[in-house]
Amino acid sequence: MELIQALKDFLYIGLCNNSWLWFHILAAAIGTKYILNYALRKSYVNAEVFVLIIVLSLALSWEFTEYIVELSADIQNSIAIYGSIKNWILDCLGDIFGAVFVSGSILFLGED
């Protein structure tokens, strides 16, 4: 039951209630196209894996930067914005999941 509640929290807070998720999805979609174009021009053998690693790295770097800027400066302000540290973590996980999911969708479900 704890796993089910954790998934419900992630879906509600991390995805449905995440007001900046659209930006991460848009940035990942645009980035995926550019990075894939670069990887194909360089004739990388596993271009799709290369793109996913780059998108994941960028998403993690972005969230780490948010951590430095938001949480290390003033934890109370972040709690006021997100409601709790748990909500902030779920928001970050939703951003990372959204970026990687849309990138994978473009790479593996898109047109050949």
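All figures in this text were calculated on a predicted structure; none of them were measured in a lab. (Residues numbered from 1 in each chain as written. Predicted model: local features only at pLDDT ≥ 70, side-chain atom pairs only at ≥ 80, totals over all residues. Heavy atoms only, no water.)

Let us now look at the overall build of the chain. The helix and strand inventory of the chain stands at 5 helices and 0 strands. When its helices and strands are written in sequence order, the chain yields α-α-α-α-α. In terms of overall dimensions, the chain has a C-alpha envelope of 50 × 35 × 20 Å along the principal axes. Per-residue burial over the chain gives 33% buried out of 112 residues. Sequence separation of 24 or more characterises 67% of the internal contacts of the chain that already satisfy a separation of 6 or more. Here the chain displays about 7,700 Å² of accessible surface, and carbon together with sulfur accounts for 68% of that area. Positive and negative side-chain charges of the chain, numbering 5 and 11 respectively, have mean locations separated by a distance of 9 Å. (Helix = DSSP H or I, 4+ residues; strand = E, 2+ residues; numbered from the N terminus. Buried < 20%, exposed > 50% of the residue type's maximum accessible area, 1.4 Å probe, protein only. Contact = heavy atoms within 4.5 Å. Areas by Shrake-Rupley, 256 points an atom, 1.4 Å probe, with all protein chains shown as cover. Lys, Arg positive; Asp, Glu negative; His and termini not counted. Charge placed at Lys NZ, Arg CZ, Asp CG, Glu CD.)

On to the packing of aromatic side chains, then. Taken as a whole and judged by the stated rule, the model has 10 aromatic pairs. Where Phe 10 meets Phe 97, the ring centres are 5.8 Å apart and the plane angle is 85 degrees; that geometry is what we call edge-to-face. Of the two residues, Phe 10 sits in helix 1 (residues 2–16) while Phe 97 sits in helix 5 (residues 85–109), which places them 87 residues apart along the sequence. The exposure class of Phe 10 is buried, given its relative accessible area of 17%. Measuring from ring centre to ring centre gives 5.6 Å for Phe 97 and Phe 101, while their planes differ by 20 degrees; the resulting arrangement is stacked. Of the two residues, Phe 97 and Phe 101 both sit in helix 5, 4 residues apart, roughly one turn of that helix. (Phe/Tyr/Trp six-rings, centres within 6.5 Å; stacked < 30°, edge-to-face > 60°.)

What follows deals with the nonpolar core. Counting residues in hydrophobic clusters, the biggest one holds 12 residues: Ala 28, Ile 35, Leu 36, Ala 39, Ala 47, Val 51, Val 55, Ala 59, Ile 96, Ala 99, Val 102 and Leu 107. Sorting the residues of this core by element identifies helix 2 (21–41), helix 3 (47–71) and helix 5 as the ones contributing at least two each. For Val 102, the contacting residues outside a window of four places in its chain are Ile 25, Ala 28 and Ala 29. (Core = buried A, V, L, I, M, F, W, Y, C linked by side-chain atoms within 4.5 Å.)

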